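Structural characterization, general
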Amino acid sequence: MEIFQMVTTFGLWLLVIPFCVGIIPAVALGEKRKAPSTVFLTGWILMLALFQVCAVPCVLLRKTLTDLDFMYTVMLGLLSMIGVIIVAIELTRKNVADCFAFPNTKNSSKEEWLTWSLFAVLFVFQMVMAVIYMTPDGDDAYYVTHAVMADEFDSMYVMEPYTGVVGVLDQRHVLAPFPMFIALLARKSGLHAAAVAHTILPLVLIPLTYLTFYKLGKAFWKKEEKKLSVYMVLIAMVQMFGGSSVYTNETFFLTRTWQGKSLLANLILPMALYILFMICKKTERGKRIPKGSVSGWYILLFLVNMTGALASSLGLLLLLILEGGFLLLIALRNRHPWVVFAGVGSALPCFLFILLYVLL
């Protein structure tokens, strides 16, 4: 019965709900046919951004994990229902093939099949090693312990993780409560929070990272998709052999996947870069910009910044530098000054949480 509960919980929360929720931002992007990879990826971004919106007030107001669980579940349930309703309405007007854009493999060459097979082997190898090989890390004594205590004692950031003594609120880390997301999954599944962090989360965060790089590569080589499989193999090789020190993002990706810093470096920053590249393409100089075709990408950038706040408060500075510099270049290249001003609105979560960090 416990195994059934765990499988059902993780299947629902890590696969089904993100896909249902992802319909909403996917529709906002204005694409006639939604790619399942886009729906799943944006669904996770929205899901994590919503968790940040719910978690920070609950932590600052000294609410319990049970209170956060109730609030987050209700809001996520409503968004999931909206996503299901949107798909149901679309399917009454057109068939599945017209709603979703599935990958076309009919014209793939033998070389492409070979390189994609090589990538699949590298990907599966990384996933298997992430599950069966446990990498100890000193930060677990702080971050994972916070998740364990939140699940066990139904409190958030009010206990010292090294001693267990109840003290003042940990104001340095409360604005990036990703460990509470781990605690929430542990509470719902009945699995220990440490096992959720080390074993379960890599099974979804590693594929999400590769999905992000896949979308980025597809945007780069839209007219030369034969290069995409080689690009993904190179990305997988870099991730496997990029551990030249304990500080590289490749090391974090495979050995500290469950930490907010790894989430920021390997998922949030590449996702922000992908969105900025799409904004650049949508606002090309001399190109007619359809109404509403760019606003959805700014909304998605807003959600990415909110997710970045969940991962790392100080990492928001990196997002501001990346987005500010990139949008300024887009404005100069495409001669659209409004691009920068629209970007300020998308960066509001960065400004807000940096201000809160300073005040706290």
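Just above, that's the structure.
Bear in mind the structure is a predicted one, so any value in this text is a computation, not a measurement.

About the cut-offs
- Residues numbered from 1 in each chain as written.
- Predicted model: local features only at pLDDT ≥ 70, side-chain atom pairs only at ≥ 80, totals over all residues.
- Heavy atoms only, no water.
- Phe/Tyr/Trp six-rings, centres within 6.5 Å; stacked < 30°, edge-to-face > 60°.
- Buried < 20%, exposed > 50% of the residue type's maximum accessible area, 1.4 Å probe, protein only.
- Salt bridge = Lys/Arg side-chain N within 4 Å of Asp/Glu carboxyl O.
- Helix = DSSP H or I, 4+ residues; strand = E, 2+ residues; numbered from the N terminus.
- 1 Å grid on protein atoms, 1.4 Å probe; cavity = no way out; pocket = protein on both sides within 12 Å on 5 of 7 lines; lining within 4 Å.
- Points joined across faces, edges and corners; volume = space filled by probe spheres on them.
- Expected span 1.5 Å × (residues − 1).
- Contact = heavy atoms within 4.5 Å.
- Nonpolar A, V, L, I, M, F, W, Y, C, P; charged D, E, K, R; others polar.

Glancing now at the packing of aromatic side chains. Think of a pair of aromatic rings as described by two things: how far the centres are apart, and how the planes are tilted against each other in angle. Evaluation of the coordinates by the stated rule reveals 16 aromatic pairs. Pairing Y142 with Y143 gives two aromatic rings, centres 5.4 Å apart and planes at 75°, and the pair type is edge-to-face. Judged by relative accessible area, which is 26%, Y143 ranks as partly exposed. The interplanar angle of 75° and the centroid separation of 6.2 Å between the aromatic rings of F220 and W221 together place this pair among those described as edge-to-face. Residue classification places F220 among the partly exposed positions, given a relative accessible area of 42%. Put simply, the rings of W13, W44, F51, Y72, F178 and F181 pair up and form one aromatic cluster.

Overall, the coordinates contain 5 salt bridges when judged by the stated rule. With a closest N to O distance of 2.8 Å, K34 and E90 form a salt bridge. A residue pair is termed long-range when its members are at least 10 positions apart, and K34 in the loop between α1 (2-28) and α2 (36-60) and E90 in helix α3 (residues 65-93) qualify at 56 residues. The pair formed by K34 and E90 is uniform in burial state, with each residue classed as buried. With its nearest N and O atoms 2.7 Å apart, the salt bridge here joins K188 to D69. A residue pair is termed long-range when its members are at least 10 positions apart, and K188 in helix α7 (residues 178-189) and D69 in helix α3 qualify at 119 residues. Given the relative accessible area of 18%, K188 is considered buried.

Considering only enclosed or pocket space, the second largest pocket measures out at about 360 Å³ in volume. Lining the second largest pocket are 18 residues, and of these Y143, H173, A176, A311 and S312 sit closest to its centre. Elements supplying a minimum of two residues to the lining of the second largest pocket: α6 (143-153), α7 and α11 (260-282). Element by element, the count of residues in the lining of the second largest pocket is highest for α7, at 3 residues.

All right, on to the side chain of T212 then. In this fold, T212 is placed in helix α8 (residues 193-220). Residue classification places T212 among the buried residues on the basis of a relative accessible area of 0%.

So, on to unusual backbone geometry. Comment: phi is negative for the bulk of residues other than glycine, and the bulk of peptide bonds are trans. Notably, R62 is not glycine yet its phi reads approximately 60°, a positive angle. In this structure, Y157 is a non-glycine residue whose phi angle is positive, near 60°. Inspection of the secondary structure assignment puts Y157 in the loop between α6 and α7. With relative accessibility at 3%, the residue Y157 sits in the buried group.

Our focus in this paragraph is helix α5 (residues 110-132). With 23 residues, α5 extends 33 Å between its outermost C-alpha atoms, agreeing within 8% with the 33 Å of an ideal straight helix rising 1.5 Å per residue. By the burial criterion, the buried members of α5 are E112, T115, F119, L122, Q126, M127 and A130. If you follow the buried residues of α5, they end up packed against α8, α9 (226-241) and α10 (249-255).

Another point: empty space enclosed by the protein. Applying the stated criterion across every chain, the model contains 3 cavities of 30 Å³ or more. Counted as a void, the largest cavity has a volume near 50 Å³. Along the walls of the largest cavity sit L205, I206, T209, F253, T257, S262, L263, N266 and L267, which together make up its complete lining. Those elements giving two or more residues to the lining of the largest cavity turn out to be α8 and α11. Among the residues forming the lining of the largest cavity, the class breakdown is 5 nonpolar, 4 polar and no charged. The computed volume of the second largest cavity comes to approximately 40 Å³. Residues of the lining of the second largest cavity, tallied by class, amount to 6 nonpolar, 2 polar and no charged.

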